[in-house]
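# Overview (structure and organization)
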Amino acid sequence: VQLVESGGGLVQPGGSLRLSCAASGFTFSRYGMSWYRQAPGKERELVAAITGTGGISNYADSVKGRFTISRDNVKSTVYLQMNSLKPEDTAVYFCNKCEKWIWSSRPGDYWGQGTQVTVSS
């Protein structure tokens, strides 16, 4: 299993970024996928998750209405569109493969390397 994130960077408050996570080594469409983030000095937290078919998604309250998770099962890629970014969104964002078709209370065993998102003026 390999997960490779991209798309992070420095953005001003109110701006947008789209993260991508390219997956390989497993049958992508059979598994839910999640995005987590970890800010300095804080625990890793679930940001958004999506089922294997993409039909159901889930968001942390802090990002609802601003972030959108989606996936392309042909390209084996999951995305996180982040709009109206705030300084408190600054963190390293990680892609995670769920253990089954839908997310659970615990993350799966496979992580990407992470991509830094910094929201600052």
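See above for the structure.
Our subject in this report is the structure included herewith. (Residues numbered from 1 in each chain as written. Predicted model: local features only at pLDDT ≥ 70, side-chain atom pairs only at ≥ 80, totals over all residues. Heavy atoms only, no water.)

### Details of the packing of aromatic side chains
In the structure shown here, the tally under the stated rule is four aromatic pairs. Note on Tyr36 and Trp111: the rings are 5.1 Å apart at their centroids and 70° apart in plane angle, and the pair reads as edge-to-face. Here Tyr36 is found in strand β4 (residues 33–38), whereas its partner Trp111 is found in strand β10 (residues 110–111), with 75 residues between them in sequence. Of the residues examined, Tyr36 reaches a relative accessible area of 8% and is grouped as buried. (Phe/Tyr/Trp six-rings, centres within 6.5 Å; stacked < 30°, edge-to-face > 60°. Helix = DSSP H or I, 4+ residues; strand = E, 2+ residues; numbered from the N terminus. Buried < 20%, exposed > 50% of the residue type's maximum accessible area, 1.4 Å probe, protein only.)

### Regarding the nonpolar core
It is characteristic of soluble globular proteins that their nonpolar side chains tend to be buried jointly. If you look at the biggest cluster of nonpolar residues, it comprises 28 residues, and the most contacted ones within it are Met33, Trp35, Val78, Leu80, Met82 and Tyr93. Looking at this core, the elements that each hand over two or more residues are β3 (17–24), β4, β5 (45–50), β7 (67–72), β8 (77–82), β9 (91–97) and β11 (115–119). In contact with Val78, other than residues within four places in its own chain, are Leu19, Ser20, Cys21, Phe28, Met33, Trp35, Ile50, Ile69, Ser70, Arg71 and Cys95. (Core = buried A, V, L, I, M, F, W, Y, C linked by side-chain atoms within 4.5 Å. Contact = heavy atoms within 4.5 Å.)

### Here we look at the pattern of salt bridges
Taken as a whole, this structure holds four salt bridges when the rule is applied. Here Asp61 ties to Lys64 by a salt bridge, and the two come within 3.1 Å at their closest N and O atoms. Among the ionic pairs, Asp89 bridges to Arg66, the shortest N-O distance being 2.8 Å. Placement of Asp89 in the loop between β8 and β9 and of Arg66 in the loop between β6 (57–59) and β7 is noted, with a sequence separation of 23 residues between them. (Salt bridge = Lys/Arg side-chain N within 4 Å of Asp/Glu carboxyl O.)

### Points about the state of the cysteines
If you walk through the whole model with that rule in mind, you get one disulfide. Covalently, Cys21 is tied to Cys95 through a disulfide, its sulfur atoms 2.1 Å apart. Across the S-S bond linking Cys21 and Cys95, the dihedral sits near -80°, which makes this disulfide left-handed. Note that Cys21 is positioned in strand β3 and Cys95 in strand β9, a separation of 74 residues in sequence. (Disulfide = S-S within 2.5 Å.)

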